[in-house]
Amino acid sequence: MKDELHTRFGHTSESIAQDFAEHLKYSQDADIYHTTKEGRYTALALTIRDRIIHQWNLSRKTQRDNNAKRVYYLSLEFLMGRAMTNNIINLGIEKEVDKAITSLGYTYEELYDVEPDAGLGNGGLGRLAACFLDSLATLELPAYGYGIRYNYGIFRQQLKNGWQVEQPDNWLRDGNPWEIIRPDVVYPVQFGGEIQVIREKGRDNFKWIGSETVNGVAYDTPIIGYGCTTVNTLRLWSAKSPEEFDFHEFNDGDYTEAVRSKISAENLSQVLYPNDTLYMGKELRLKQQYFFVACSLADIIRRFKRQNLSWSHFPDFAAIQLNDTHPSLAIPEMMRLLIDEENLTWDEAWDITQALMGYTNHTLMPEALEKWSLPMLQKILPRHMQIIYEINHRFLQSAVSFFPLQPEMLRKISIIEETNPKQVRMANLAIIGSHSTNGVAELHSQLLKKSMFPQFNLIFPDRFNNKTNGITQRRWLLDANPQLAAKITEAIGDGWITDYSQIANLAPFAQDTTFLHDFAKIKHASKERASAFLRKDSGIIVNPDTMFDVQVKRIHEYKRQLLNALNILLIYDDIKAGGKLTKDMKPMTFLFGGKAAPGYVNAKLIIKLINNIAKVINADAQANKLISIHFMPNYRVTMAESIIPATDLSQQISTAGTEASGTGNMKFMCNGALTIGTMDGANVEMAEEVGKENMFIFGHTEEEITKLSGTYSPFSWVLADKEIKKVVDLLSSGFFNVSEPNIFEPLRKSLFEEGDRYFHFADLRMYAEAHQAARNLYANNQEEWNRKAVLNIASSGKFSSDRTISEYAKDIWHLKSCPVKKGNGKDTVLLDAVKK
C-alpha cells in the first residue's frame, strides 16, 4: 500500500516533502516570499525530529516496562557537533531527504550547512562523551547523558595579526530545533547558607539551609542509534532564577538591582569554562559543577523512587559514570541526599554511593588534577565540606594499616591537601568514593597505577582498570567520508557500520591495485572538498594536489605543536640552503588547528609563532613552491569532518607519558591517514594493531623520558646538532617577529631557562628523520603509501567506541541491552496517547 503522506512518520520523499512544507507554514509562518535559510533549516530539522519522537517515547516505555538498569553519564562537556546529517544517516533516510528537498527547489547541502556546531565542549573529553552516546544507543543500552545547556559554547576563535582572539559562540542564537524543554522537570539547587543540626531518635540530622537558590530546568535532546531502534536522551540543565525580578525595587527605580538575582542565577549556564584565572571565575566553575551534579542526581533519584523499592536496590537500577573529576561532587551530594533527605545511615549511604559511582581519569598531568580551595568550597557548599571531611577521616583511618608510621604517604592520599590555603583534591575523592577507576589507554592506565596513584593502587588493587577510548565509525567514517565508506561497503559489505571488528576484512584489499587506485581518487576528492571548505570558512587557499600534513588538537605545550613548528623550520632552512633533504619532496601543506585556553599565555604564543612562521614562508617565492603553512581558525567538529578525510599525515607527537589516550589519532587512522607519532597514549595500541612499520614512530619512550628527566639539558642537545642550532638561532634573532620584538621570550624561557619540560629538543632530530621518511615514501612510492593507508583502516577495528562501551557495560556498569521494537508511528492512536 502506498505511503499516505504520513507527515509525522512517513519515510518516503513525498511524506518528508509534505512535512517540511507544513513546518515551514505552521511552525515558521513562512511562505515563498517570507522564508530564510535558518527557517528552512529549522523546518527540515523539525521534520526529521518528527520521525524520531515516536521511537524516543517507545524506548523510554520499553526500558520502564522492563525495569531496565540505566547508565547515567555525567560530563561537563558534550562536543556534539551538528545533528542533522548524523540523525538522517542513523534513520536511514538520506536519499529520501535529498530527493524531497530537491523536489522543492532547494538542496540538502544548503540546508544542513546552516546548522551551527553544538560547541558544548573543548576537545577530546567532550567529543568522547558524544561518541559514547552514539554507541550506547546503537548497542541498545539504556542511558542518559547529563550536562549543562550552555548558552555560549567554547569560544569562537578568530585570528588577528596572528593572535588568537576569543569571540562569543552564540550557538543558540536561532534556537535549537532538536531539543525539547521539560518545564515540569525543574530542581532547586542551593548554595551557601548554614547547617542546622537536629537531634532526633538518637542521631544527628543535618539540615542545609542555603542562602541562594537556582532552578535547573531540563532540556532533552534525542540520541538515536544506527537504525533508530533505541533512542536515548541527552538531558542538559539550564539555570533559571526562581524569581524573574524584584518588583518593589523595579518600582523604586533601581532597575539594575531588580534583575541582579536573575542575572546571577542564570550566569551558571551562560558559558562553558569561564576564565578561572580570577577568583570569581573559579567560584563560577565550582558552582557550575555542583549545579549540574545536583540536578542530575535529583533526577536519577526521582526515577528510582518510582520503583517503590528499598534503597539497597538502587545500584541494580542505576550506574553513574563520572567523566573526569568535573562531576566528582556527585559523591558527597549522593551521600547528602541519602543521609539528610532519605534518612539512611552513613554506612548504608556509603555502600550505595560507591556501588553507583565509576570514575574515568583523563590526565597524566599532575597539575591538571582538579583541586578546589577549601575555604571557597566551605563557603559555597558547607554541608558537602562536612561530608568530605568525614569521608576523608574514615578513609585515612582504614589506610593507616597499609602505611604504618608513614605520615607522608597518608598526606599523599588524603582528600585534603595541607597547603595554604588548604585544597580539596577531587581525583582522590573520586577514587575513594567510587568502585571503579579507569584509564583510557593501556599505557595511561598502567601509569595511573605506577606513577600517579600508586598508593591507591596498593589499597584498592581491584579498582583500577583500563578502557581504551574509541570513536564512533558512524560519524567519523560513514558520515564524514561517504565516498570511502561506500567503497569499503562495496568491498566487504556494510556489517562494519555496527560491528567495526569486520573492518579487518579490508586487509586483503591493501594488495588490490584497483582498490588502491580508487582509494587514491577518493583521497584526492576529499582534499578538494576540504580545500573548498577552508576557502569558504576562513578564506584559506590550499592546493589539493599537495600532501596534507595535519595537526589539529587543543593547543598545549605537551601536545607539542611547537615541535611541529621547529621541524617546519628545519625543512625551510634546508630549502633555503639548496635542498639536500628536500630536493625530491612533493609539495606539502601543513595545517594546524585548535584553541588555546584564554588564560594560557604560552599556548597563545604558540599560535602566534605558527602564524608568524606561516606569514614568512608563504611569502617566500623559493620556499612556497614546496611548503605552505596555515592555521585554521575556529577548529570544531564540522571542520574536523572535512579535514580528517583529506589528511595524508596525522601528527600525534605528544611527549611520551603525557597524553592519556587521544581520539583524533583514531579518527585519522580510520580515514586512511598515516600517523607520525610517539609511543604515547593510544598510539601504542595503534602500533600494536597495524604494526610500527605502517606508522612513523619516533622519540623517547616514557621510560626513557623518566630516566632522562634528571639530567636533561636542552642547551646540550641544541649545541650537539648544528642544523637545530641554526634554526634556534634564527628564531632567537627575531627573524619571524621583526616588528614585534621579544614577543616570544616566554617560549624561549620555557625551552631553555625552565628546562624544556616536554623534551622538544631531545626528540626533534628523531622527529625530523621520521618526517623525512614519510615525505620520501609519499614522493617516491604512492602505491606503498596507499597500501599502508588501507592497512591502517583495516587495523582500526579496536578503536570503535562500540567496543569501549561494551567493555564499560560488562566490567563496570553491569548493564544489559534492552532491545526496543521498531515502531512505525501508526501503532498509537494520538488521542489515546494523551488521554489522562
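Above this text you will find the structure in question.
Thresholds applied
- Within every chain, residues take consecutive numbers counted from 1 along the sequence as written.
- Residues qualify for local features only when their pLDDT is at least 70, as the model is predicted, and side-chain atom pairs are given and counted only at 80 or more; totals for whole chains, interfaces and linings, by contrast, use all residues.
- To obtain the side-chain values, all non-hydrogen atoms of the structure were used and water was disregarded.
- Whenever a carboxyl oxygen of Asp or Glu lies within 4 Å of a side-chain nitrogen of Lys or Arg, that contact is scored as a salt bridge.
- Labels follow the DSSP assignment, with helices taken as runs of H or I lasting at least four residues and strands as runs of E lasting at least two, numbered in each case from the N terminus.
- For the exposure calls, accessible area comes from a 1.4 Å probe over protein chains only, and a residue counts as buried if that area is under 20% of its type's maximum, exposed if over 50%, partly exposed in between.
- Each polar contact in these results corresponds to two N or O atoms within 3.5 Å; when the atoms are within protein, one needs to be able to donate a hydrogen and the other to accept it, and residues that are neighboring in sequence are counted only if both atoms are side-chain atoms.
- The contact definition used throughout considers only heavy atoms, calling two residues in contact when any of these lie within 4.5 Å.
- Whether two strands pair depends on DSSP finding at least two bridges between them.
- For helices, the axis comes from a line fit to the C-alpha atoms of the stretch in contact; other axes are also lines fit to C-alpha atoms, and the angle between any two N-to-C directions lies between 0 and 180 degrees.
- A crossover counts as right-handed when, viewed with the strands pointing away from the observer, the path leading from the first strand over the helix to the second turns clockwise.

One pass over the full model with this rule turns up 51 salt bridges. Linking D299 and R303 is a salt bridge whose minimum nitrogen-to-oxygen distance equals 2.9 Å. Taken together, the residues D299 and R303, both in helix α10 (residues 279-305) and four residues apart, mark about one turn of the helix. One exposure class covers both D299 and R303, and it is buried. Between K559 and E659 there is a salt bridge, with its nearest N and O atoms 2.9 Å apart.

Here we take up the side chain of Q63. Checked against the element boundaries, Q63 lands in helix α2 (residues 37-65). A polar contact of 3.3 Å, which involves the side chain of Q63, links it to the side chain of R70. Excluding residues that lie within four positions of it along the chain, Q63 makes contacts with A68, R70, P142, T230, N232 and C818.

With respect to topology, nine strands assemble into an open sheet ordered β7-β10-β11-β4-β1-β12-β13-β17-β18, the strand pairing being mixed. Every interior strand has two partners, whereas the edge strands, β7 (180-191) and β18 (464-466), have only one. Each neighbouring strand pair of the sheet contributes to a mean axis angle of 25 degrees, computed without reference to strand direction. Sheet analysis places strand β12 (residues 318-323) next to strand β13 (residues 357-360), joined by four bridges and oriented parallel. Within β13, the residue paired with I320 across the bridge is M357. Along the sheet, α2 contacts β1 (70-74), β4 (143-148), β7, β10 (212-224) and β11 (231-240); its crossing angle with β11, the most-contacted strand, is approximately 100 degrees.

Now for the sheet that holds strand β16 (residues 423-425). What holds strands together in a sheet is hydrogen bonding between their backbones, with the strands either parallel or antiparallel. Strand order in the open sheet made by the three strands is β14-β16-β15, with antiparallel pairing throughout. Single-partner strands in this sheet number two, and they are β14 (371-373) and β15 (416-417). Of the strand pairs in this sheet, β15 and β16 are connected by two bridges, and their pairing is antiparallel. Opposite E417, over in β16, you have Q423 as the bridge partner.

So, about the pairing of strand β20 (residues 588-593). Burial of β20 is extensive: six of the six residues sit out of reach of the surface. Bridge count for strand β19 (residues 547-552) against β20 is six bridges, and the pairing is parallel. Within β20, the residue paired with D549 across the bridge is F590. A crossover links β19 with its parallel partner β20, the connecting element being helix α23 (residues 561-576), and its sense is right-handed. Handedness of the crossover is the feature at issue here: the chain leaves β20, passes through helix α24 (residues 601-618), returns alongside strand β21 (residues 627-632), and the resulting connection is right-handed.

Of the two faces of strand β17 (residues 436-439), both are covered, the one formed by S436 and N438 as well as the one formed by T437 and G439. Sheet analysis places β13 next to β17, joined by three bridges and oriented parallel. When the sheet's bridge partners are listed, G358 is paired in β17 with S436. Of the pairings in the sheet, the one linking β17 to β18 comprises three bridges and is parallel in character. Bridged to G439 within β18 is N466.

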